[in-house]
Structure formats: C-alpha cells, structure tokens
Amino acid sequence: MVRAGLTTERVVLAAADLADEIGFENVTVAALARQFGVKDASMYAHVKNVRELRERIALLASGEMIDRIATAVAGRAGKDALVAFADAYRSYALERPGRYRATHTQLDPSLVAGTTTYSRTTEVTYGMLRAYGLSEPDLTDAVRLLRSTFHGYCNLEAIGGFGAPRSVETSWRHALDALHVALANWPRAEDADSG
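About the criteria used
The residue count restarts for each chain, going from 1 along the sequence in the order it is written. Thresholds applied to this predicted model are a pLDDT of at least 70 for local features of residues and 80 or more for the giving and counting of side-chain atom pairs; totals over whole chains, interfaces and linings are not thresholded and use all residues. Side-chain metrics in this entry use all non-hydrogen atoms of the structure; hydrogen atoms and water are not considered. Each axis is a line fitted through C-alpha atoms, and for a helix only the stretch in contact is used; angles between axes span 0 to 180 degrees, taken between their N-to-C directions. Under the scheme used here, helices are H or I runs from DSSP no shorter than 4 residues and strands are E runs no shorter than 2 residues, and both carry numbers assigned from the N terminus. For classification purposes, angles smaller than 35 degrees are called roughly parallel, those larger than 145 roughly antiparallel, those between 65 and 115 roughly perpendicular, and all remaining angles oblique. Residue contacts are defined here by distance: any two heavy atoms, one from each residue, within 4.5 Å place the two residues in contact. Amino acids outside the nonpolar list (Ala, Val, Leu, Ile, Met, Phe, Trp, Tyr, Cys, Pro) and the charged list (Asp, Glu, Lys, Arg) are all regarded as polar, and Gly is one of them. Nonpolar cores are built from buried Ala, Val, Leu, Ile, Met, Phe, Trp, Tyr and Cys residues. Side-chain atoms within 4.5 Å join them into one set. Only protein chains enter the accessibility calculation, which uses a 1.4 Å probe; a residue whose area is less than 20% of its type maximum is buried, one above 50% is exposed, and one in between is partly exposed. Only residues whose relative accessible area exceeds 30% and that take part in no salt bridge are eligible for patches, with like-charged residues grouped when within 9 Å of each other and nonpolar side chains (Val, Leu, Ile, Met, Phe, Trp, Tyr) grouped when within 5 Å. Calculation of accessible area relied on Shrake-Rupley with a 1.4 Å probe; when residues are assessed, cover is drawn exclusively from the protein chains displayed. Any carboxyl oxygen of Asp or Glu that lies within 4 Å of a side-chain nitrogen of Lys or Arg is treated as forming a salt bridge with it.

K.L.:
Explain the packing of helix α9 (residues 138–158) against helix α10 (residues 168–184) to me, please; I cannot follow it from the model alone.
P.N.:
Axis angle and axis distance: for two packed helices, these are the angle between their axes and the distance between the axes, and together they describe the pair. Orientation of α9 relative to α10, taken along the N-to-C sense of each, is 175°, at an axis distance of 12 Å. Between α9 and α10, the interaxial angle falls into the category roughly antiparallel. Contact with α9, carried on its side by A142, L145, L146, T149, F150, Y153 and E157, involves V168, S171, W172, L176, L179 and L183 of α10 and no other residues of that element. Considering only residue class, the contact of α9 with α10 consists of 10 nonpolar, 2 polar and 1 charged.

Here is the structure:
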C-alpha cells in the first residue's frame, strides 16, 4: 500500500535534497525511507531500486541545471553568454553538490525517453556556441573543452584543491577570458583537414 502523501516526485525531490546533504553515493532507499519515517517497502511503490532512484535524481538535477543556465544566457551572445553559462554552471555545482554529482550518471534510455532535458541541454549549449560561428564537428569539440574545464574547476574548488594564495574567483574570470579567446579563434576542422 502506498503511504498517503508520498508521490514519485516527492520521493525524488527528497532524495535529491538528501544527496546534497550526505553525498550522492550515500543515497539509498533505506536512507530515504528513514527521512520519511516509513519502512523501506514504502519506497518501492515509487522506485524499483536504488539505481532507478539515483537515475531519477540525475534527471531532476540535469533539468534544474539547464533551467538555471538557460535563464542566465537568455538574450546574451558571445562572451556575455559564455560567462553567464559558466557562472550558472559553477553556482549550481557548488550550491547543489549531490545533485551536481548525479548529473554525471549514465541513465537508462527508457527513463530519458519522453523528456526534453537532454535535447534542451544540447539546444542551449550549442546555441551559445553558434555565436562563435562554430558548426560540427567543431561544436562537439568545443562542448568537450567547456565541459572538461567547468567540471574540473568546480570539482577542484569544491574540495579546496586550489592552494595558491591567488583568488579562486580571479582565476575563474581569467579562465573564462581564455576560453572566450579560444572559442573566438577556434581552429576549424576543415582547415586542419586540408593542411
């Protein structure tokens, strides 16, 4: 029997909050059941297992993150859009560490089917990069560069991995300046292929 007041959406949102508190890897069905003061079996009316629970956290977090980024970049182009995108990415990663960690989970295609989260992520990201005049395969390469840079920086910042006395914020700003220059002067794939 499903406990009154529990819905899949409420369970997943509570699990996402729990991930931010105790770490994504520590979220279990049992830990979530304790949060609600119910038996583990009550959770299985909403999720099949811990894998599905974590995948649903990932889907929720990915949607939240792209919503934040899309709002930040709306009406902007070029460097302004890049900075807004990067700042929104970073703030989400640092404010929602468990959720952010979840966004790097491989998802079951059947769970993603029917959602717009990943197509919207591609649309917003590629839209921001097209202002730099990029097309495929350069778009894919640029996305990989940005994702690697943002993810690496946020992970190191979150664990206090920057030990030099220079301001982490100043280094972030300079990194974004450098990324803008790299994108504005991107070596086009067709140029490399013809050389």
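K.L.:
I would appreciate a short explanation of the packing of helix α1 (residues 8–22) against helix α2 (residues 29–36) in the present structure.
P.N.:
In contact at an axis separation of 10 Å, α1 and α2 are set at 105° when each is read in the N-to-C sense. With respect to their mutual orientation, α1 and α2 come out roughly perpendicular. Residues R10, V11, A14, A15 and L18 of α1 form the contact with α2, whose participating residues are A31, L32, Q35 and F36. The class makeup of the residues in the contact of α1 with α2 is 7 nonpolar, 1 polar and 1 charged.

K.L.:
I would appreciate a short explanation of the nonpolar core in the present structure.
P.N.:
Nonpolar side chains in soluble globular proteins generally cluster together in the buried interior. Of all hydrophobic cores here, the largest spans 33 residues; its most connected members are I69, L129, F150 and L183. Those elements giving two or more residues to this core turn out to be α4 (50–73), α5 (78–95), α8 (117–130), α9 and α10. Among the elements that make up this core, the one with the highest residue count is α5 (9 residues).

K.L.:
I keep staring at the side chain of E55 and nothing clicks. Help me out?
P.N.:
Take E55: it is sitting in helix α4. Taking the relative accessible area as the measure of exposure, E55 reaches 4% and is therefore buried. The residues contacting E55, other than those within four sequence positions of it, are Q106, L107, D108 and L111.

K.L.:
Help me understand a nonpolar patch on the surface, please; the structure alone is not making it clear to me.
P.N.:
A cluster of nonpolar side chains, contributed by L156, I159 and F162, occupies part of the molecular surface with about 280 Å² of accessible area. Topologically, L156 is positioned in helix α9. Judged by relative accessible area, L156 falls into the partly exposed class, the value being 37%.

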